[in-house]
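# Architecture and fold: a report
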Amino acid sequence: MKCDPNQFRAPPPSLAVKTRLIRQLFLPPLVVALMIGLGFIGFWISEYYGIRTLSDTGERQLELHARTVESELGKYTYLPSLLELESSVSKLLAEPNQETRKTVNDYLEGLNRRSRSRAIYVMDTTGRVLATSNWRDADSYQGEDLSFRAYFQNAVRGQPGRFYGIGSTNGEPGYYLAHGLEEHGKIIGVAVVKVRLEALEERWQRARLEAFVSDENGIIILSSDPARRLKAVRPLSDDTRDRLAHSLQYYWATLNELEPLARERLNEVSETLTFPANSEVVNDAHEVSYLAQTRPLLDTPWHFTLLTPLNDLRRAAINQGILVAVAFGLVAFLLIAWNERRKVIATRLAAREALQEANSQLERRIAERTSDLRASNERLKGQIRERRQAEETLRRAQDELVQAGKLAAIGQMSTSIAHELNQPLAALRTLSGNTVRFLERGALDTASANLKTINELIDRMGRITASLRSFARRGDDQSQASLTKAVDAAFQVLGARVDSQPLSVHRDFATVQLQIDQTRLEQILVNLIGNALDAMQDQPSPELWLEGSSSEGKYRLRVRDNGHGVDAEARKHLFEPFFTTKPGEQGLGLGLTLSASLAAATGGNLAVEHPASGGTAFVLSLPLAGIQPTEST
Ligand code: ADP
C-alpha cells in the first residue's frame, strides 16, 4: 500500500519564501519609520499641550509682572504735577534769579531724595533748565537746553510727557515724566522727574525671570538680559531711524534689531522665540527657546513681554516622544514575536493534524485493503472450489463420454456385426439346406464344396466377434500399442463398410509402438477411418491416406481422405460433444470428442487440417514408446 506523498507536502515553497522575504525586508524599516513617526507625533502633542499649559501659567505671570511694572511707573506719575503747588517754582518761572533758583534747587534736591527718583528739574517754556535736584553735581542739568526732548515738547503743549531716553548730559538712561506747570490756565514751565528703572531689572534677575519692556518705538528699554537692551523688537524703517537719531532719545546707541534664530507666532499675544544660547544662562545648549507673551502697559505706549524658557519643555517633549517611540517599538516587537509564535504553533498544529489525518487515512486504507484482500481471498477460495467441482464434473463427463463413445461405437459395430453376421448366416442356412439335398442325392463333391464354404463363413464370423471383444475390453493407461496392429484391427472392424466402396488405401507409416492402450488406439482409428468412409460415400473413387512421421518424441499419423470436407461453420464445432452432421441415428457426435480426449489422456492430441486440394485430414499425435523400420502398402 502506498501513501500519497502530495498529501503531506507543504504548499509550493516559492510563494511562502517570497512573502517571508518581503516581510523580513520591509517590516524592520516600517517599524522604524512608524517609531520615528509616532515619536514625532508624541513629541509634537507633548510640546503642544506643554506650551498651552505654559501659556496659561504664563498669562497669570504676565499679568502679575506687568502690574508690578505699571505700579512702579505709576509711583512717579503724580510727582511732576506736585511742583505746581510749590510757590517758589512758580516764582522762579515768573522771575528767575539766583536766590529763587537756590531755593528751588534745595527744594528739588530734598524732594528727589525723598522720592528716590534720579533727578527732578524745572524748565522754562523754552526748554532751558532753571533748577534741578542735581545742581551740586558736575554733570548737572542746570542751564541746559532740553527743548529737543519729546517729553518737553509734549508737556509744553499740555500733554503728559512720558519718555524713556538716555541722558544727553551723562549718557545715563532713565524714564522721564514731564508735566506742564500751569498758572491761570497757562503753561509757564515744565517739571520733569527722571527715574531709574534698573531696580525692576535687578528684581527680575534675582527672581530669574526673563522679561523685557519695549517702548513705543519697539525698542527694548528694560530687560532682564542686558544684551537685549536697546534692541528693536520689530524692524525699524529708515525714517524712524533718522528721527530717533535726531532726537538723541537713545543717545548714540546703534539700535540693532533683536534677531531671534527662529520666531513662530502662536496667537496675537504670544509667540515662540529662539535665541542663540547665552553661555551664562544655559550651559548645555546651543540655543534657547522662549514662549514670549506680550501685554501693553497701562498709561504708557509701552509693552511688557514675559519670556518663559521652553528648553525644559522641549526636553520633556523629546523624552516623551522617545518614550512613545520606544513603547511603540516594544509593542511592535512583542506583537511580531507573538505573531511569529502564533504562526509556529499554528504550523505545528496543522502538521500534527495533517499527520493524524494521514494516519487515520492510512489506517482506513489498510482496513479497506485488508477487507478487499479478505474478500478476494474468499472469492479465490470459492473459485478454487468451483474449479475443483468443475474438474470433477469434467472428469466425470469425460468418463461418461468415453463410455458413451464406446457405447456408440458398439452400437455402430453391432449394426455392422449384425449386418456382417446376417449375411453369412443366411448363406449358411442356404448352403446347409443345399448340402443336405446334395448328400441325399449323393452329390458328394458338391456337398463337400458347400461344407468348405460353410467353414470359411464360420471363420469370418469368428473374426468379427473377436474384434468386438477386443474393442469392448477396458483400456490400460500404462500399456503400449502397435500402430500397425491398431490400423489392421480398425479396418477389420470396418471391414463391411470398406468392402462396400471401391476404396484405395495408401499406408505410409512406421511400425511404431505408441504410449497408449491398444484398444483405445484402435477405437480412435475406427472413429477417424469411419468418418472418412462416411465423407467419401458419394465419392466415385474414394482414397484414404495414412501418413506417419515422428518428431520430438512423438509420432504423428495423418488420416486424410478425399471426401466432401467440412464446411466453414461446422469447422468451429468439430470437437464439441454431440456435434454431428449425420442424419438420423447414424451419428452421435461423440467420435471426435472421445478420440481427442483419449489422445490427450496419454499426453498426445488430435488436430484437424483442411487441405486446399479438398477432403479432410485428421492429425493424431501420440508419444512414442519405440520405433521400427518403415512399412509401405
Ligand atoms: P459422428 O460421426 O457421430 O457424427 P463425430 O464426432 O465422429 O460424430 O464427427 C462429427 C462430425 O464431424 C461428423 O458428423 C461430420 O460432419 C464431421 N466429420 C468427421 N470426420 C470427417 C471427415 N473425414 N470428413 C468430413 N466430415 C467429417
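Bear in mind the structure is a predicted one, so any value in this text is a computation, not a measurement.

## Digging into the site of the ligand
- Near the ligand, the surroundings consist of 20 residues, among which Asp-561, Thr-580, Thr-581, Lys-582 and Leu-588 are the closest.
- A distance of 2.2 Å is found between an oxygen atom of the ligand and a side-chain nitrogen or oxygen belonging to Thr-581.
- Here the ligand, which alone exposes 530 Å², has 95% of that area covered by the protein.
- Taken together, the elements giving at least two residues each to the shell around the ligand come down to helix H12 (518-535) and helix H14 (591-601).
- Its residues assigned to classes, the shell around the ligand comprises 9 nonpolar, 9 polar and 2 charged.

## Brief notes about helix H3 (residues 87-94)
- Along H3, the residues classified as buried are Ser-88, Val-89, Ser-90, Leu-92 and Leu-93.
- Residues of H3 that are buried in the fold lie against helix H4 (98-115), strand S1 (119-124), strand S2 (129-132), strand S4 (173-183) and strand S5 (186-195).

## As for a nonpolar patch on the surface
- Residues Phe-40, Ile-41, Trp-44, Ile-45, Tyr-48 and Tyr-49 make up a contiguous nonpolar surface patch of about 650 Å² in total accessible area.
- In this structure Tyr-49 comes out as partly exposed when scored by relative accessible area, which is 47%.

## Regarding the packing of helix H10 (residues 483-493) against H12
- Running from N to C, H10 and H12 point in directions that differ by 50°, and their axes come no closer than 8 Å. With respect to their mutual orientation, H10 and H12 come out oblique. In terms of crossing hand, the pair formed by H10 and H12 is right-handed. Mapping the contact onto sequence places Leu-483, Lys-485, Ala-486, Val-487, Ala-489, Ala-490, Phe-491 and Val-493 in H10 and Gln-518, Leu-521, Glu-522, Leu-525, Val-526 and Ile-529 in H12.

## Here's the deal with the side chain of Asn-450
- Of note, Asn-450 is situated in helix H9 (residues 444-472).
- With relative accessibility at 11%, the residue Asn-450 sits in the buried group.
- Every residue in contact with Asn-450, bar those within four places of it in the chain, is listed here: Leu-431, Asn-434, Thr-435 and Phe-438.

## What to know about unusual backbone geometry
- Of note in the backbone geometry, Arg-116 takes a positive phi value of approximately 60° without being a glycine.
- Relative to the helices and strands, Arg-116 is located in the loop between H4 and S1.
- Accessibility expressed as a relative area gives 73% for Arg-116, which makes it exposed.
- At Glu-552, a position not held by glycine, the phi torsion is positive, near 50°.

## A closer look at the environment of Ser-87
- With respect to the element layout, Ser-87 can be found in helix H3.
- The class for Ser-87 is exposed, based on a relative accessible area of 55%.
- Along the backbone, Ser-87 and Val-104 are 17 residues apart, and their C-alpha atoms lie at a distance of 9.4 Å.

Quick notes on the rules
- Residue numbers here run from 1 along each chain, matching the order of that chain's written sequence.
- Per-residue local features are limited, in this predicted model, to residues with pLDDT of at least 70; the limit for side-chain atom pairs, both in listing and counting, is 80 or more; totals at the level of whole chains, interfaces and linings are taken over all residues.
- Hydrogens and water molecules were not included; the side-chain quantities draw on all heavy atoms of the structure.
- Whether a residue is near a molecule or strand is decided by its heavy atoms; if any one of them lies within 4 Å of it, the residue is near.
- Polar contacts here mean pairs of N or O atoms no more than 3.5 Å apart (in protein, one a potential hydrogen donor and the other a potential acceptor; neighbouring residues in sequence count only if both atoms are side-chain atoms).
- Surface exposure here means Shrake-Rupley accessible area, sampled with a 1.4 Å probe, where a residue is shielded only by the protein chains that are shown.
- Secondary structure elements follow DSSP: runs of H or I of four or more residues count as helices, runs of E of two or more count as strands, with numbering from the N terminus.
- We call Asp, Glu, Lys and Arg charged. Ala, Val, Leu, Ile, Met, Phe, Trp, Tyr, Cys and Pro are nonpolar, and the rest, Gly among them, are polar.
- Classification of residues uses two cut-offs on accessible area relative to the type maximum, computed with a 1.4 Å probe and protein chains only: under 20% is buried, over 50% is exposed, and between them is partly exposed.
- By the convention used here, residues are in contact when the closest approach between their heavy atoms is within 4.5 Å.
- Patches in this entry comprise residues that are over 30% relatively accessible and not in a salt bridge; like charges within 9 Å are linked, as are nonpolar side chains (Val, Leu, Ile, Met, Phe, Trp, Tyr) within 5 Å.
- Whenever a carboxyl oxygen of Asp or Glu lies within 4 Å of a side-chain nitrogen of Lys or Arg, that contact is scored as a salt bridge.
- With axes taken as lines fitted to C-alpha atoms, and helix axes fitted only over the stretch in contact, angles between N-to-C directions fall between 0 and 180 degrees.
- In this scheme, roughly parallel covers angles under 35 degrees and roughly antiparallel covers those over 145, while 65 to 115 is roughly perpendicular and the rest are oblique.
- Crossing chirality is assigned from the near helix's rotation relative to the far helix, an anticlockwise turn below a right angle marking it left-handed and a clockwise turn marking it right-handed.

Fair warning: the whole summary comes from geometry, so function is off the table for now.
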